[in-house]
Amino acid sequence: MGKEAVEIGANTFQFFTRNPRGSKAKAIDPEDVQAYLEYARQKDICQILAHAPYTLNACSKEPKTREFALRTMADDLERMEYIPGNCYNFHPGSHVGQGPKEGIRQIAGLLNEILSPGQRTTVLLETMAGKGTEVGRTFEELRDILEQVKLGDHMGVCLDTCHVYDAGYDIVQDLDGVLEQFDRIIGLERLKAIHLNDSKNPFASHKDRHEKLGQGFLGEEALVRVINHPQLKHLPFYLETPNELPGYQRELELLKARSEH
Ligand code: FE
Ligand code: FE
Ligand code: ZN
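In what follows, the accompanying structure is described.

The rules we used
- Residues numbered from 1 in each chain as written.
- Chains lettered and ligands numbered in written order.
- Predicted model: local features only at pLDDT ≥ 70, side-chain atom pairs only at ≥ 80, totals over all residues.
- Heavy atoms only, no water.
- Salt bridge = Lys/Arg side-chain N within 4 Å of Asp/Glu carboxyl O.
- Buried < 20%, exposed > 50% of the residue type's maximum accessible area, 1.4 Å probe, protein only.
- Helix = DSSP H or I, 4+ residues; strand = E, 2+ residues; numbered from the N terminus.
- Core = buried A, V, L, I, M, F, W, Y, C linked by side-chain atoms within 4.5 Å.
- Contact = heavy atoms within 4.5 Å.
- Donors = N, O, S within 2.8 Å, 3.2 Å for Na, K, Ca; no water.
- Tetrahedral: all angles 85-135°; square planar, octahedral: opposite > 155°, others 65-115°.
- 1 Å grid on protein atoms, 1.4 Å probe; cavity = no way out; pocket = protein on both sides within 12 Å on 5 of 7 lines; lining within 4 Å.
- Points joined across faces, edges and corners; volume = space filled by probe spheres on them.
- Nonpolar A, V, L, I, M, F, W, Y, C, P; charged D, E, K, R; others polar.
- Axes fitted to C-alpha atoms, helices over the stretch in contact; angles between N-to-C directions.
- Parallel < 35°, antiparallel > 145°, perpendicular 65-115°, else oblique.
- Left-handed = near helix turned anticlockwise from the far one by under 90°.
- Phe/Tyr/Trp six-rings, centres within 6.5 Å; stacked < 30°, edge-to-face > 60°.
- Lys NZ or Arg CZ within 6 Å of the ring centre and 35° of its normal.

### Considering the pattern of salt bridges
- Throughout the structure, instances matching the rule amount to 11 salt bridges.
- Two residues, Asp-144 and Arg-143, come together in a salt bridge whose shortest N-O distance is 3.2 Å.
- Relative accessible area serves as the criterion here: at 26%, Asp-144 is assigned to the partly exposed category.
- One salt bridge connects Glu-220 with Arg-258, and the closest N-O pair in it is separated by 2.8 Å. One end of the pair, Glu-220, is in helix H8 (residues 219-228); the other, Arg-258, is in helix H9 (residues 245-258), with 38 residues separating them in the sequence.

### As for the nonpolar core
- In terms of nonpolar packing, the biggest core is built from 68 residues, with Leu-111, Leu-191, Ile-194 and Leu-196 touching the most fellow members.
- Here Ile-194 is in contact with Leu-159, Thr-161, Val-226, Leu-232, Leu-235, Pro-236, Phe-237 and Tyr-238, once residues within four sequence places are set aside.
- If you look at the next biggest cluster of nonpolar residues, it comprises 6 residues, including Leu-124, Cys-158, Ala-193 and Tyr-238.

### Some details on the coordination of the iron ion (ligand 1)
- Surrounding the iron ion (ligand 1) are the protein donor atoms His-51 (NE2), His-91 (NE2) and Glu-126 (OE), which sit 2.1 to 2.3 Å from the metal.
- Along the chain, the residues donating to the iron ion (ligand 1) fall in the pattern H-x39-H-x34-E.
- Between the iron ion (ligand 1) and the iron ion (ligand 2), a separation of 3.3 Å is found, and both are coordinated by Glu-126. Taken as a pair, His-51 in strand S2 (residues 49-51) and His-91 in the loop between strand S3 (87-90) and strand S4 (93-94) lie far apart in primary sequence, 40 residues in all. With respect to burial, His-51 and His-91 carry one shared label: buried.

### Quick notes on the coordination of the iron ion (ligand 2)
- Each protein donor to the iron ion (ligand 2) is listed here as Glu-126 (OE), Asp-160 (OD), His-195 (ND1) and Glu-240 (OE); together their distances run 2.0 to 2.2 Å.
- Relative to the metal, the 4 donor atoms surrounding the iron ion (ligand 2) lie at angles of 84 to 172°, and the coordination shape comes out irregular.
- In the primary sequence, the donor residues of the iron ion (ligand 2) line up as E-x33-D-x34-H-x44-E.

### So, empty space enclosed by the protein
- All chains considered together, the criterion is met by 1 cavity of 30 Å³ or more.
- Approximately 50 Å³ is the volume found for the largest cavity.
- Taken together, Pro-53, Tyr-54, Leu-56, Asn-57, Ala-58, Ala-69, Met-73, Phe-90, His-91 and Pro-92 form the lining of the largest cavity.
- Of the residues assigned to the lining of the largest cavity, the class counts are 8 nonpolar, 2 polar and no charged.

### Some thoughts on the packing of helix H5 (residues 139-148) against helix H7 (residues 175-185)
- Look at H5 against H7: their axes get within 10 Å of each other, and the N-to-C directions meet at 25°. On the basis of the axis angle, H5 is roughly parallel to H7. Along this stretch, H5 crosses H7, giving a crossing that reads as right-handed. In this structure, H5 uses Phe-139, Glu-140 and Arg-143 to contact H7, whose residues at the interface are Val-178, Gln-181, Phe-182 and Ile-185.

### Here's the deal with the packing of aromatic side chains
- As enumerated under the stated definition, the model contains 6 aromatic pairs in all.
- Aromatic side chains Phe-139 and Phe-182 sit 5.1 Å apart centroid to centroid with 75° between the ring planes, which places their arrangement in the edge-to-face category. In this pair, Phe-139 is assigned in helix H5 and Phe-182 in helix H7, connecting sequence segments 43 residues apart. Neither Phe-139 nor Phe-182 differs from the other in exposure class; each is buried.
- Look at Tyr-165 and Phe-203: their rings are 5.2 Å apart centre to centre, the planes differ by 55°, and that puts the pair in the tilted class. Linking Tyr-165 in helix H6 (residues 161-167) with Phe-203 in the loop between strand S9 (198-199) and strand S10 (210-211), this pair joins segments that are 38 residues apart in sequence.
- Look at Tyr-165 and you get buried, because its relative accessible area is 8%.
- With a relative accessible area of 37%, Phe-203 lands in the partly exposed category.
- The structure contains a cluster of three or more aromatic residues connected by ring pairs, namely Phe-13, Phe-15 and Tyr-36.
- The ring of Tyr-39 carries the charged tip of Lys-3 above its face, separated from the ring centre by 5.3 Å.

Here it is, written out as structure tokens:
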């Protein structure tokens, strides 16, 4: 994973901690870890991002499903400590009719059980498109989760450009305005990573279908404004576009050519 990223010219990458559908993870091999840390140092790989399986639901109606999310995420966080100083992103969950308020309470409750004072991983809530009963479709919902987490210093937010546009934040026409809102409600210092995706669907459609950069409703110019924005340009950007490796390489080249960094 790290090698592929370096081969196509990236200095960071995102990876799933296990099969995205949430099965068992491989045992950790300390030699593998050492080899990765050494490689990352040599190649100047900066902060990387782990992604929890997207099938987990921290605010399911079913206690067993919540328990599974808790155990999986606790195990992931233990593993993350082998590569300290990175981030772990997850989808807050779907409240499935319990209402966002109850969903938020359950998500924060789960986080309060798995975070520990000495951990060196920052856990990120991903901004969601608002498909179905997804929690995290508004900045207010994310703030409410963060407010209920006791070890808030270990928490942050990952902004997904496709998701926020889908959720009804117009980063095409008014990126500054959206960032102002984010700052007022959550605080920009909480923003730790960007998922850079175009969207197959128009503004506020709550669908969550990613598109290749420049081929969707956000368009190349809006995405270029995101990577060059003075309040965002220091952040790590992760592509989640529907591509294979050569497609990612082309997107990286496009972004580098348009970058003012
Ligand atoms: Fe995600
Ligand atoms: Fe994403
Ligand atoms: Zn998505």
